[in-house]
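Letter by letter, the chains look like this.
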Amino acid sequence: TMIVSASRPVLHTVTLGVEALVKVLPGDRRMALLWVVLTVVPLLGWVITEPAAMTLLAILLKRRYFDQGISRRLAYATLGLLFVNISIGGTLTHFAAPPVLMVARLWAWDTPFMLGHFGWRSALAIAVATSVYFAVFRRELQSLSAQPPVADIEQPDEDVPPAEPVLLPVPGWIIAVHLAFMAWTVVNAHYPALFLGGFLFFLGFVRATAAYQSQVPLRAPLLVGFFLGALVIHGGLQGWWIAPTLASLSEQPLFIGAAVLTAFNDNALITYLATLVPNFSDALKAAVVEGAVTGGGLTVIANAPNPAGQ
């Protein structure tokens, strides 16, 4: 999903959508763009999954802001806010966030349930956190708005040589095909034969339409894949102490404990181990998932998409 979402047609479509939304917002367009990027785009994770939303956000932020030489304080605050917003923004559906995906089938959680119990709270939290961020860094953000914007935001891979051939404008039918490949990948994520087959067809399509495509980014998605695989292998060996720890806690301590453990073990692992605890009530299930997604922004390893954003 990260590779498909980072393709030029998809990135171009999201950019057009973001710019169209910015045009209808009042005030400085550069500030409005940053607001939309940090609030609306993380919520796209409910459609395209968290890793895809993280990839899109990282590209947009890098080209428009990080490449402008912002202060380290603002850079780390933006990165931390990005991690948190992505982690909680995927809770609008039952398939977007890895920690939710681990428990949705076993606990019979569907998208209406996620929207009613988690989604609206996540959207509110994203808006509040971003508002605090803007209030704290208002002066620096206003000075940044006075600088000329960076025009090129369609090249996702920093390893591409500077001498790029001129790419043709992306036609609508190519955008539609890319969105269809993304939908196929999301729907068949649990069926390796269909998922890998679709991905191979996607690579062939990109090669056949090379005049409209930028280089396919492979490094960051592969790093995230190895990272998550390592957590499943090594983190699963910690179940002997994490599962009893979760089982011994009541609702509020469980929320705090899940958030703290997430910082060192990845939130998907924490929720997976929670499914191994017998007789978990609905309140305890909600508490462990809430803690896991809340703590997904604490460290780079707390949420699987974080390494791509970093």
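Everything below is about the structure shown above.
Note that the structure is a prediction, hence the values are computed from the model and not measured.

> Got a sec to walk through the environment of S5? Specific residues and values, please.
Tracing the backbone shows S5 in helix α1 (residues 2–5). According to the relative accessible area criterion, S5 is buried, its value standing at 0%. Contact partners of S5, with chain neighbours within four places excluded, come to V10, L11, A52, T55, L56 and M182.

> Hey, could you go over the environment of P99 for me, with residue numbers and the actual values?
Structurally, the position occupied by P99 is in helix α7 (residues 98–107). For the pair P99 and F118, spaced 19 residues apart in sequence, the C-alpha to C-alpha distance is 13 Å. Setting aside residues no more than four positions away along its own chain, P99 makes contact with N267, A268, T271, V293 and N303.

> A description of the side chain of D266 should follow, citing residues and the corresponding values.
Along the polypeptide, D266 turns up in the loop between α14 (251–265) and α15 (267–274). Buried and unpaired, D266 has no salt bridge, with R105 as the nearest side chain of opposite charge at 18 Å. Engagement of the side chain of D266 in a polar contact is seen with the backbone nitrogen of A304, the distance being 3.2 Å.

> So what's going on with the environment of D266? Residues and values would help.
For D266, a relative accessible area of 1% gives the class buried. Along the sequence, D266 and V300 sit 34 residues apart, while their C-alpha atoms lie 9.0 Å from each other.

> Could you give an account of the packing of aromatic side chains, naming the residues involved and the relevant values?
What the rule picks out here adds up to 11 aromatic pairs. Ring centres of F181 and F205 lie 6.1 Å apart, and the angle between their planes is 50°; on these two criteria the pair is classed as tilted. Of this pair, F181 sits in helix α10 (residues 172–187) while F205 sits in helix α11 (residues 192–208), placing them 24 residues apart in sequence. Taking the relative accessible area as the measure of exposure, F205 reaches 16% and is therefore buried. Three or more aromatic residues joined by ring pairs make a cluster, and in this case those are W173, F181, F199, F202 and F205.

> Talk me through unusual backbone geometry; I want residue IDs and the actual numbers.
Unusually for a residue other than glycine, A108 sits at a positive phi of about 60°. Considering the arrangement of structural elements, one finds A108 in the loop between α7 and α8 (111–136). Owing to a relative accessible area of 64%, A108 belongs among the exposed residues under this scheme. Its identity as a non-glycine residue notwithstanding, D266 has a phi of 80°, on the positive side.

> Could you give an account of α14, with specific residues and numbers?
Residue pairs three or four apart in sequence face the same way in an α-helix, which turns once every 3.6 residues. An ideal rise of 1.5 Å per residue puts 21 Å on 15 residues; α14 measures up with 20 Å between its terminal C-alpha atoms. Just past α14, the residue D266 takes up positive phi, approximately 80°.

> Before we move on, could you go through the pattern of salt bridges and cite the residues and values that matter?
Tallying each qualifying case throughout the model produces 1 salt bridge. K62 serves as the salt-bridge partner of D67, at 3.3 Å between the closest nitrogen and oxygen. Assessed through its relative accessible area of 39%, D67 is described here as partly exposed. You can call K62 partly exposed: its relative accessible area is 33%.

> How would you explain the nonpolar core if you had to name every residue and give the values?
Within the largest apolar cluster, 48 residues are counted, with the highest numbers of intra-cluster contacts made by V18, L34, V37, L61, L82, Y133 and L141. It is helix α3 (residues 29–43) that provides the largest number of residues to this core, a total of 8 residues. Core analysis: the second largest hydrophobic core is formed by 28 residues, I126, L246, A274 and V289 among them.

> Which residues make up the side chain of N267, and what are the values?
Looking at where N267 falls in the secondary structure, it is placed in helix α15. Exposure remark for N267: the relative accessible area of 0% places this residue in the buried category. Among residues more than four places away in sequence, those in contact with N267 are S87, P99, T262, A292, V293, G296, A302 and N303.

> How would you sum up the packing of α7 against α15? Please name residues and give values.
The N-to-C vectors of α7 and α15 enclose an angle of 20°; their axes lie 7 Å apart at closest approach. Taken as axis vectors, α7 and α15 run roughly parallel relative to one another. Once α7 is placed against α15, the crossing between them reads as right-handed. Touching P98, P99, M102, V103 and W107 of α7 are N267, A268, T271, Y272 and A274, all from α15. Its residues assigned to classes, the contact of α7 with α15 comprises 8 nonpolar, 2 polar and no charged.

What counts and what doesn't
- Residues numbered from 1 in each chain as written.
- Predicted model: local features only at pLDDT ≥ 70, side-chain atom pairs only at ≥ 80, totals over all residues.
- Heavy atoms only, no water.
- Helix = DSSP H or I, 4+ residues; strand = E, 2+ residues; numbered from the N terminus.
- Buried < 20%, exposed > 50% of the residue type's maximum accessible area, 1.4 Å probe, protein only.
- Contact = heavy atoms within 4.5 Å.
- Lys, Arg positive; Asp, Glu negative; His and termini not counted.
- Salt bridge = Lys/Arg side-chain N within 4 Å of Asp/Glu carboxyl O.
- Polar contact = N/O pair within 3.5 Å; in protein donor to acceptor, adjacent residues only side chain to side chain.
- Phe/Tyr/Trp six-rings, centres within 6.5 Å; stacked < 30°, edge-to-face > 60°.
- Expected span 1.5 Å × (residues − 1).
- Core = buried A, V, L, I, M, F, W, Y, C linked by side-chain atoms within 4.5 Å.
- Axes fitted to C-alpha atoms, helices over the stretch in contact; angles between N-to-C directions.
- Parallel < 35°, antiparallel > 145°, perpendicular 65-115°, else oblique.
- Left-handed = near helix turned anticlockwise from the far one by under 90°.
- Nonpolar A, V, L, I, M, F, W, Y, C, P; charged D, E, K, R; others polar.

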